[in-house]
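If you want the building blocks of each chain, they are given just below.
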Amino acid sequence: MGKAEKLTFGVQNMTCASCVGRVEKALNALEGVGEARVNLAAETVRVTAHPEFNAGELDAALTQAGYPARKTTHRLRLSNMSCASCVGRVERALLAVPGVLSATVNLASEEARVETLEDADILPALRDAAAKAGYPANVDAAEAGTPDAATRKEAEAIHLKRMTLLAAALTLPVFVLEMGGHLVPAFHHWIAATIGMETSWLIQFLLTTLVLAWPGRHFYSNGLPALAKGAPDMNSLVALGSGAAWLYSVTALFAPGLLPEGSRVVYFEAAAVIVTLILLGRYLEARAKGRTGAAIAKLMSLRASSARVERDGTVIELPVEKIKTGDIIYLRPGEKIATDGIVVDGQSYVDESMITGEPVPVEKTGGAALVGGTVNGTGGLTYRATKVGGDTVLAQIIRMVEEAQGAKLPIQDLVNRITLWFVPAVIAVALVTFGLWLAFGPSLSHALVAAVAVLIIACPCAMGLATPTSIMVGTGRAAQLGVLFRQGDALQSLQGVTTVALDKTGTLTKGTPELTDLVLMNDMTEERLLPLIGAVEARSEHPIAQAILRRAEAAGPVPREVSDFQSHTGYGVSALVAGRRVTLGADRLMTREGIDMGNAQRISADLAKAGKTPLFAAIDGRLAAVIAVADPIKPGTPEAIARLHDLNLEVAMITGDNRGTAEAIAAQLGIDRVVAEVLPDGKVAAIDDLRKGDNRIAYVGDGINDAPALAQADVGLAIGTGTDVAIEAADVVLMSGDLRGVVNAIDVSQRSMANIRQNLFWAFGYNVLLIPVAAGAFYPLTGWLLSPALAAGAMALSSVFVLSNALRLRWIAAPLNESATPSHGPRTAAPVAAE
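Per an unreviewed UniProt entry, the protein goes by Heavy metal translocating P-type ATPase and derives from Sulfitobacter faviae. Quoted verbatim from the Sequence similarities (unreviewed entry) heading of the UniProt record, the comment on the protein is "Belongs to the cation transport ATPase (P-type) (TC 3.A.3) family. Type IB subfamily."

Let us look at the overall build of the protein. Of the regular secondary structure elements, the protein holds 31 helices and 29 strands. Here the protein holds 835 residues, and 52% of them are scored as buried. Accessible surface computed for the protein: about 34,900 Å², of which carbon and sulfur atoms make up 57%.

The subject of this paragraph is the confidence of the model for the protein. Scored by pLDDT, the protein has a mean of 82; 89% of the residues are at 70 or more. For the protein, helix α28 (residues 724–729) is the element with the lowest average pLDDT, namely 63, and strand β10 (residues 328–331) is the one with the highest, namely 94. Per-residue pLDDT stays below 50 along residues 141–147; that stretch engages in 13 contacts with residues further than four places along the chain or on separate chains. Taken as a whole, residues 819–835 scores under 50 in pLDDT and shows 52 contacts with residues more than four places along the chain or in a different chain.

Moving on, we get to the sheet that holds strand β15 (residues 375–376). Within the open sheet, the three strands sit side by side as β13-β12-β15. Their pairing is antiparallel. The open sheet has two edge strands, β13 (362–364) and β15, and neither has a second partner. Judged from the three bridges that link them, strand β12 (residues 348–351) and β13 form a sheet pairing that is antiparallel. Paired with Tyr349 across the two strands is Glu363, which belongs to β13.

This next bit is on helix α31 (residues 788–807). In a regular helix each residue adds 1.5 Å, so 20 residues correspond to 28 Å; α31 covers 29 Å between its end C-alpha atoms and thus fits that length. The buried fraction of α31 is high, at 15 of 20 residues.

Quick look at the environment of Lys504 now. On the secondary structure map, Lys504 appears in helix α19 (residues 504–508). Judged by relative accessible area, which is 4%, Lys504 ranks as buried. Sequence-wise, Lys504 and Asp631 are 127 residues apart; in three dimensions their C-alpha atoms are separated by 9.6 Å. Excluding residues that lie within four positions of it along the chain, Lys504 makes contacts with Thr509, Asp631, Met653, Ile654, Thr655, Asp657 and Ile665.

Reading across from one edge, β19-β24-β23-β22-β21-β20 is the order of the six strands in this open sheet, with antiparallel pairing throughout. Every other strand in the sheet has two partners, leaving β19 (514–520) and β20 (562–568) as the edge strands with one partner each. When strand polarity is set aside, the average angle formed by the axes of neighbouring strands in this sheet is 20 degrees. Summarising the sheet, β19 and strand β24 (residues 622–630) pair through six bridges and their orientation is antiparallel. Note on β24: the bridge partner recorded for Glu514 is Ala630. Most of the contacts of helix α21 (residues 543–555) go to β19, to which it runs at about 70 degrees, and overall it touches β19, β22 (580–585), β23 (613–619) and β24. In this fold helix α23 (residues 600–609) packs onto β19, β23 and β24, with an angle of close to 5 degrees to the strand it touches most, β24.

A regular strand places its side chains on the two faces of the sheet in alternate fashion. Where burial is concerned, the two faces of β12 differ: the one with Ser348 and Val350 is buried and the one with Tyr349 and Asp351 is not. Where β12 and β15 come together, two bridges link them in antiparallel fashion. In the strand pairing of β15, Val350 is matched with Asn376.

A separate point is the pattern of salt bridges. This model, assessed by the stated rule, comprises 22 salt bridges. The shortest N-O distance in the salt bridge between Arg551 and Glu526 comes to 3.7 Å. Of this pair, Arg551 sits in helix α21 while Glu526 sits in helix α20 (residues 526–537); the two residues are 25 residues apart in sequence, bridging distant segments of the chain. Here Arg551 falls in the partly exposed class, since its relative accessible area comes to 29%. Among the residues examined, Glu526 registers a relative accessible area of 30% and is labelled partly exposed.

Let us look at unusual backbone geometry. Its identity as a non-glycine residue notwithstanding, Asn13 has a phi of 70 degrees, on the positive side. Examined against the element boundaries, Asn13 turns out to sit in the loop between β1 (5–10) and α1 (17–28). On the basis of relative accessible area, Asn13 is assigned to the partly exposed category, the value being 27%. In the Ramachandran plot, Ala578 falls in the positive-phi region, its phi being about 50 degrees despite a non-glycine side chain. Summarising the element assignment, Ala578 is placed in the loop between β21 (572–577) and β22.

This part is about the side chain of Asn235. Its place among the elements puts Asn235 in helix α9 (residues 234–254). Judged by relative accessible area, which is 1%, Asn235 ranks as buried. When near neighbours in sequence (up to four residues on either side) are disregarded, Asn235 contacts Asn13, Thr15, His218, Phe219, Asn222, Gly223 and Arg282.

What follows is about the packing of helix α29 (residues 740–774) against α31. Two packed helices can be described by the angle between their axes and the distance between those axes. Relative orientation of the contacting elements α29 and α31 amounts to 170 degrees, with a least axis distance of 9 Å. The orientation of α29 relative to α31 falls into the category roughly antiparallel. Contacts between α29 and α31 involve Asn755, Gln758, Asn759, Trp762, Tyr766 and Leu770 from the first element and Ala791, Ala794, Met795, Ser798, Phe801, Val802, Asn805 and Ala806 from the second. Class assignment of the residues belonging to the contact of α29 with α31 gives a composition of nine nonpolar, five polar and no charged.

With that settled, the discussion passes to the packing of aromatic side chains. According to the stated counting rule, one finds six aromatic pairs in the structure shown. Relative to Phe254, the ring of Phe205 lies with its centre 5.2 Å away and its plane at 80 degrees, an arrangement referred to as edge-to-face. Taken together, the residues span a long stretch of sequence, with Phe205 in helix α7 (residues 197–213) and Phe254 in helix α9 at a distance of 49 residues. Assessed through its relative accessible area of 16%, Phe205 is described here as buried. Here a set of aromatic residues connected by ring pairs shows up, and it is made of Phe205, Trp246, Phe254 and Phe268. Above the face of the Tyr571 ring, Arg588 is positioned so that its terminal group lies 5.7 Å from the ring centre.

A few words now on the UniProt feature "transmembrane region" (unreviewed entry) in the protein. Under the feature "transmembrane region" (unreviewed entry), the UniProt entry names residues 163–184, 190–216, 237–259, 265–284, 418–440, 446–467, 760–779 and 785–807. Here residues 760–779 runs as 80% helix and 0% strand, with 28 Å between its end C-alpha atoms.

The next thing to look at is a nonpolar patch on the surface. The grouping of Leu172, Phe175 and Val176 at the surface amounts to a nonpolar patch, some 270 Å² of accessible area in total. Here Leu172 is to be found in helix α5 (residues 149–183).

Inspection of the secondary structure puts Thr339 in the loop between β10 and β11 (340–346). Taking relative accessible area as the criterion, Thr339 reaches 1% and is therefore assigned buried. Not counting chain neighbours up to four residues away, the residues in contact with Thr339 comprise Ile323, Ile329, Leu370, Val371, Gly372, Tyr383, Ala385, Lys387, Val388 and Thr392.

Okay, the packing of helix α17 (residues 460–480) against α31 next. Running from N to C, α17 and α31 point in directions that differ by 15 degrees, and their axes come no closer than 9 Å. Our classification of the angle between α17 and α31 gives roughly parallel. Crossing hand, α17 versus α31: right-handed. Each of Cys461, Ala462, Leu465, Ala466, Thr469, Ser470 and Val473 in α17 lies in contact with α31, whose residues at this interface are Ser798, Ser799, Val802, Leu803, Ala806 and Leu807. The residue inventory of the contact of α17 with α31, partitioned by class, reads nine nonpolar, four polar and no charged.

Rules and cut-offs
Within each chain, residue numbers correspond to sequence positions counted from 1 in written order. With the structure being a predicted model, the display of local features is reserved for residues of pLDDT at least 70 and the display and counting of side-chain atom pairs for 80 or more, all residues being used for whole-chain, interface and lining totals. For the side-chain quantities, the full set of heavy atoms in the structure was used; hydrogens and water were omitted. UniProt positions are given in the numbering used here, feature names are shortened, and annotations may be inferred rather than shown by experiment. Comment: elements are numbered from the N terminus, with helices defined as DSSP H or I runs of at least four residues and strands as E runs of at least two. Buried means the residue's accessible area, taken with a 1.4 Å probe over protein chains only, is under 20% of the maximum for its type, while exposed means over 50%, and partly exposed covers the values in between. Areas reported as accessible are Shrake-Rupley estimates using a 1.4 Å probe. Residue values count occlusion only from the protein chains shown. A residue's pLDDT is simply how confident the predictor is in it, with values from 0 to 100. Whether two residues are in contact is decided by their heavy atoms, any of which lying within 4.5 Å being enough. Two strands pair if DSSP finds at least two bridges between them. To estimate the expected span of a helix, subtract one from its residue number and multiply by 1.5 Å. All axes are obtained by fitting lines to C-alpha atoms, using only the stretch in contact for helices, and the reported angles, taken between N-to-C directions, cover 0 to 180 degrees. One side-chain nitrogen of Lys or Arg within 4 Å of one carboxyl oxygen of Asp or Glu is enough to make a salt bridge. For this classification, under 35 degrees means roughly parallel, over 145 means roughly antiparallel, 65 to 115 means roughly perpendicular, and everything else is oblique. Basically, the charged four are Asp, Glu, Lys and Arg, the nonpolar ten are Ala, Val, Leu, Ile, Met, Phe, Trp, Tyr, Cys and Pro, and anything else, Gly included, counts as polar. A pair of Phe, Tyr and Trp rings is counted when the ring centres sit within 6.5 Å of each other, with Trp represented by its six-membered ring. The angle between the planes then sorts it: under 30 degrees is stacked, over 60 is edge-to-face, the rest tilted. Geometrically, a lysine NZ or arginine CZ counts as sitting over a ring once it is within 6 Å of the ring centre and also within 35 degrees of the ring normal. Grouping into patches uses exposed residues only, defined as over 30% relative accessible area, and leaves out salt-bridged ones; the cut-off is 9 Å for like charges and 5 Å for nonpolar side chains (Val, Leu, Ile, Met, Phe, Trp, Tyr). Note on convention: the crossing is left-handed when the near helix lies turned anticlockwise from the far helix by less than a right angle, right-handed when the turn is clockwise.

What follows is the structure, given as structure tokens:
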């Protein structure tokens with residue numbers, strides 16, 4: 001079997017958790033489908049399938065199940081079309097793209113119309129397929145696709161608002177005519193004396209029928225076919241409940257002889273109010289759902305729409321979609337950067353805060369990397385596009401967040417198994433309720449009211465939305481805080497870790513040696529010493545030499561007149577600079593050269609205890625300074641480790657450094673456990689050792705040698721400024737190089753899981769408590785019998801409560817504000833086609 005393909009597309013008619021189970025069951029039954037995951041909040045499905053799987057079978061299965069896939073029609077303008085054989089080649093190439101349902105090529109117009117599953121990533125794949133077949137394609141923007149999810153949600157909310165207002169306008173007279181008489185006896189007598197009760201009931205019949213047939217028709221058009229297929233959903237409950245009340249009332253109005261004596265009453269107001277209140281709930285739900293994707297919408301809004309591109313020696317304005325790798329782009333002050341690229345000319349400062357969280361603009365000159373979506377400052381830049389379309393950093397970030405938002409946590413599997421049988425169980429409870437009250441209750445109408453209330457008050461929507469909405473909002477907010485959950489289930493796993501294991505170099509420390517101490521001796525001054533030692537170290541490529549050179553160059557000009565340069569392997573270096581003999585190296589070099597050390601050995605020992613590498617500098621045979629070089633601790637590291645301890649987490653460090661240096665750094669930072677002198681392949685064993693005693697391990701690293709450990713840990717967190725290999729192996733990516741992102745990731749995980757538990761407690765508790773109330777369990781003791789209208793209001797508010805609670809995650813504040821990130825910006829992983 002080839003590499004598995006992943007398709008993510010929208011699905012219609014999903015209203016509650018039972019729909020989730022049916023969609024997954026229909027898809028998983030298809031040959032070639034490895035896994036299907038449904039996100040009710042986003043109304044999407046993510047399918048992992050064999051690359052040769054026929055998307056038409058998938059579409060047919062969903063349509064048969066009553067949940068048709070959302071489809072998009074793309075119109076492509078093709079190049080190089082010359083004859084009829086080209087048509088067949090292009091069509092075959094396009095049909096081979098996973099997710100394509102049909103492809104029709106018109107040779108005369110050199111266009112292709114391609115119907116696909118609604119997948120955000122499919123358009124680049126179509127273009128690539130056409131190009132590989134030898135027929136490069138451009139998208140006709142006027143015809144390309146359907147509105148995005150946010151636009152569709154907005155349109156849905158507007159439609160539901162109109163339907164709700166219409167239903168309310170029709171329902172209000174019905175409610176006043178019927179309930180007004182019950183609440184105010186004088187009003188009842190006035191109605192009887194003027195238009196009469198028969199006319200009142202006839203008016204109620206006409207208005208209620210309009211409510212059910214117009215604003216409420218989709219409950220019947222979707223719910224009744226689902227019921228007929230033996231797969232009832234939320235729409236089926238509403239259709240049965242409101243339909244039963246309407247049918248009983250119609251019988252009482254037009255054929256009262258069919259009812260038992262004393263049972264001639266109408267419930268038109270109940271049927272109308274049920275539909276109106278549930279429409280109101282759906283409207284509020286659609287508005288809330290639209291806000292769950294706010295993070296993705298905000299990320300997408302960062303993208304530029306066009307750029308000034310050089311083509312054939314002329315600079316023209318082009319849509320971003322038409323920019324190709326290698327294009328030269330001219331950037332004016334204040335413009336958004338269209339694609340990732342490399343500066344070839346100009347100087348400016350770029351605001352990268354929306355990508356890195358770094359508030360200070362970063363200087364960009366020739367050779368600097370640019371990230372698409374960031375904003376240019378006051379200077380002008382010319383740059384070469386290096387990554388376009390779905391390969392840009394911003395596109396990869398959006399893809400990571402979308403995949404995390406569509407994930408199914410382990411806790412959701414149990415919920416889905418329960419909700420798959422929930423609606424049939426509710427219908428069964430309603431039938432039992434009706435039968436018992438018909439047998440032992442006071443009247444047929446009493447039995448009807450109880451059964452309808454049971455049907456209406458049950459809320460599988462709340463159960464189905466409880467987990468995915470919290471995942472969507474939580475992972476979206478995490479992205480805004482610089483934390484990308486590459487694997488959605490890491491959101492659940494991270495909140496259960498007991499030990500955080502940290503790599504040292506590049507994670508705890510900056511990863512680049514710096515000159516940290518300069519202890520001058522024998523009347524030497526920095527102004528005299530730094531140029532001399534800088535000139536010698538300029539001849540060496542060693543990282544420590546480069547650290548000394550950087551410090552020297554920062555202080556002033558470094559002489560270039562160096563002669564008699566000698567490298568003493570294992571000892572140090574020496575040279576003549578401006579006529580002076582400079583010796584620089586370890587204490588053994590000083591001893592070999594017969595240089596008096598004085599109290600320098602004691603200073604050296606103190607520096608070594610602090611985890612620094614001591615060196616000695618001598619000028620003309622006389623000791624001039626003790627120099628210390630170290631990999632400095634990142635500014636946010638001490639604060640992050642202190643906060644991890646506040647969370648009752650053990651902190652361990654796994655490093656290849658010698659034990660003395662490692663333990664010095666551990667003592668300085670308050671790290672609990674140290675595993676030192678570990679080779680790259682030994683980090684996996686070290687994690688297994690830390691895992692003993694049922695510990696759950698989160699590992700944080702940034703280098704190529706960290707990739708196995710990141711994969712081995714229960715949760716792997718990669719520093720975003722690290723290597724692509726490390727990021728590929730991680731479950732979570734920290735966009736900045738700051739360790740405080742670990743604390744933020746854990747905090748988002750804990751808050752999101754707490755939010756999910758709150759939602760599930762409410763959703764299940766609501767149904768467990770109120771279904772018996774609706775069935776009349778308290779009637780013998782208290783005389784309580786729940787009105788179907790009140791049941792509809794409670795059901796509508798249940799889903800709104802769950803969504804509103806999940807939306808609170810949008811305002812999670814970062815426990816620790818991250819510090820500045822390196823000027824070159826983050827590097828993120830390329831998308832993974834199959835895991």
